[in-house]
Structure formats: C-alpha cells, structure tokens
Amino acid sequence: MQKSVSDKGSGYNFRNNITIDWCPGCGDFGIVSAVTQALSAMKMDPQDVVAVSGIGCSGKTPHYLNIAGTHTLHGRAIPYAVGVKLANPNLNVLVMGGDGDLLSIGAGHFVGEGRRNSGVKVLLYNNSVYGLTKGQAAPTLPLGEKVKSLPRPNILGKINPITLAMASGYSFVARAFSSEIKQLSELIQRAIKHEGSAVIEVLQPCPTYNDVNTLDWYRQRVYKLEDDKSWDPVVNSKEEDEAKFDRGYRKSLEWGDHIPIGIFYENNTIPSYTKRLAGVIPDYLKYPPALQDVSDRDGYT
Ligand code: SF4
C-alpha cells in the first residue's frame, strides 16, 4: 500500500529557514532533527510526505519542515491526518501532537485510530505538561508528582501511552527519547515503512515547566530494548501474536528506575484500513477517483 520511496528527495533540505522559537533545551528540537534525518535517509520525495499537528508547543513542528503541513485544532490532528491519508493513500502522513493534545481532548481519536489502522504515523511528544499554556498537569504526569508549575502535587492518575496504544489496536508501538536522535530517526523510518498506523511516544524534557522529568532524569533511566538480543517484537503470523503482544504489554508497564525505549510491538498481519476499503469500494486505490468524483458533482467545479 505504501508508495515505494524514490530518490527524488536525495539532497533535499527538509528543514526550512524559519527560526524555531521553542525554549532553549526543549526536547522538541531533537524530534525535528530526527524527523528531518529520517526523511533524508529515506531520500523521501517531499511531495510524498505531509505533517499534521494539533495545538501545543509540538503543534509548531510543521512550520519548521520543508514539506506540506497543517496546524489543525486541539485534539483533532489524527482525524485530519486520516482524511489526508484516505484522500491519497500513497501519502506518508505524520501526526505531531503532545500528550495533552492526543491523550486528553484527542483521546477518543487516538483510540479510534488504533482499530482503524489507516496508516498514519503518530509522534506523541510526551513531557507530562501543557507547555504552551504555562505547564498544567498533562495526562501522562503521575499521581502525586509536583512539577514547578503546579501549586500542589497532581491529584490525577497518569495514562501510559504505550499500554493504551497497544490496547487500542495499533500495529506498531514504540517509545523513544528526544536526545537519542539516531534511534528516533530509525524508528520513524521503520514506522513509515510499516503499512499500518504507528505510535511513537517520544519522552522529552520541558525545562521551562517540568523540573522533575529533566534531561538528566531521563538519561539516567532510559535503556534500549534492542540491546537485549532476545527481544523480538515483530509479529509475522497470527500464531505468534498472543505471546509477543503479551510480552510487549508487560514490558510497557515498566517505569521508574528503568524506562525501556524501542519497539514494543509490531504486527504485520493486520490489513490497513485503505486495504479494507479497497475490498468494499471498487477502484478506491486508482487514485484520484475520489477527487474526480467530487469535481463531477453539481456545485463542484
Ligand atoms: Fe518546550 Fe516546554 Fe518551552 Fe514548550 S514550554 S517550548 S515544551 S520547553
């Protein structure tokens, strides 16, 4: 289903010349670097990739990329991105959103896309606060944690994005750390090559509002799943799914002194939504029939 990657993007600069206005030390810088490195490494034709963001500091990401992009509404980046993907299944569609955006107001869309499996790739920027609006507790901040922007410890429990993504049905689920740019770039490339939808949670410091989960705090704790040579999260047959899903799900619960990063689960046996649509809508994949149909209708010229 994914269009094969040409070498049209060879030598292309995926970072534009717009000045980035994130705070010094923000983990978002590492994510932009990893995205541009991934697209360059794949020699991606810039016309084949689209970035869609929600609201928050992360929402500015498409502004800094030399590709088509849209800065949408709070919590609505996923449905917008799915619309882009369904209109042209050949596009590689990247979603950029924070944990406050995707797991609070956008939580229903996040879960719904897991079962849909349309093929969008979700980069979930996780700094546990709403940075753009002065550091309120976001859905991934643990119960009882007090970051400097809060008057008292958090009284809500946290969502585990990896566990939620797996339970929702995403066929590619991974976690990265914004300072491990090479690994994040490789995960993005692998997610793009994966046919179904993907979630990559990216742990990142917000030095302005989160003084607990700092750069050093993460550096002292993260370790790579791939360093365990017996770790194999890839499912290529239905028979091996139960054991690998169970192992990845249990691993996703690990948090504290040791935090795993890497791929928790990759299932290559689940057909994408576009393939399922092609099974019930004749000629769906003969792009662009949808656009031609619209232009033929009364009122559309
Ligand atoms: Fe980054 Fe936090 Fe500043 Fe937002 S407020 S740009 S997340 S450091």
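Residues numbered from 1 in each chain as written. Predicted model: local features only at pLDDT ≥ 70, side-chain atom pairs only at ≥ 80, totals over all residues. Heavy atoms only, no water.

Trainee: Can you walk me through the pairing of strand 11 (residues 259-267) in this structure?
Mentor: For a regular strand, side-chain orientation follows a simple rule: the groups alternate between the two sheet faces. Counting buried residues along strand 11, nine of its nine residues qualify, which places the element largely inside the surrounding structure. Across four bridges, strand 7 (residues 172-177) lies against strand 11 in antiparallel orientation. Within strand 11, the residue paired with Phe172 across the bridge is Glu266. (Buried < 20%, exposed > 50% of the residue type's maximum accessible area, 1.4 Å probe, protein only. Helix = DSSP H or I, 4+ residues; strand = E, 2+ residues; numbered from the N terminus. Pairing = 2+ DSSP bridges.)

Trainee: Could you clarify how one ought to interpret the packing of helix 1 (residues 28-41) against helix 6 (residues 181-193) in this entry?
Mentor: Packed helix pairs are characterised by how far apart their axes lie and by the angle those axes make with each other. Relative to each other, helix 1 and helix 6 sit at 50 degrees, their axes nearing to 8 Å. Taken together, the axis directions place helix 1 and helix 6 in an arrangement best described as oblique. When the axes of helix 1 and helix 6 are compared, the crossing they make is right-handed. Where helix 1 abuts helix 6, its residues Gly30, Ile31, Ser33, Ala34, Val35, Gln37, Ala38, Leu39 and Ala41 lie against Ile181, Leu184, Ser185, Ile188, Gln189 and Ile192. (Axes fitted to C-alpha atoms, helices over the stretch in contact; angles between N-to-C directions. Parallel < 35°, antiparallel > 145°, perpendicular 65-115°, else oblique. Left-handed = near helix turned anticlockwise from the far one by under 90°. Contact = heavy atoms within 4.5 Å.)

Trainee: Help me out: how do you make sense of unusual backbone geometry in this one?
Mentor: Working note: non-glycine residues mostly have negative phi, and peptide bonds are mostly trans. Of note in this structure, Lys43 is not a glycine but carries a positive phi near 50 degrees. Within the element layout of this structure, Lys43 appears in the loop between helix 1 and strand 1 (49-53). Exposure remark for Lys43: the relative accessible area of 37% places this residue in the partly exposed category. At Asn117, a position not held by glycine, the phi torsion is positive, near 60 degrees. Within the element layout of this structure, Asn117 appears in the loop between helix 4 (107-116) and strand 4 (121-126).

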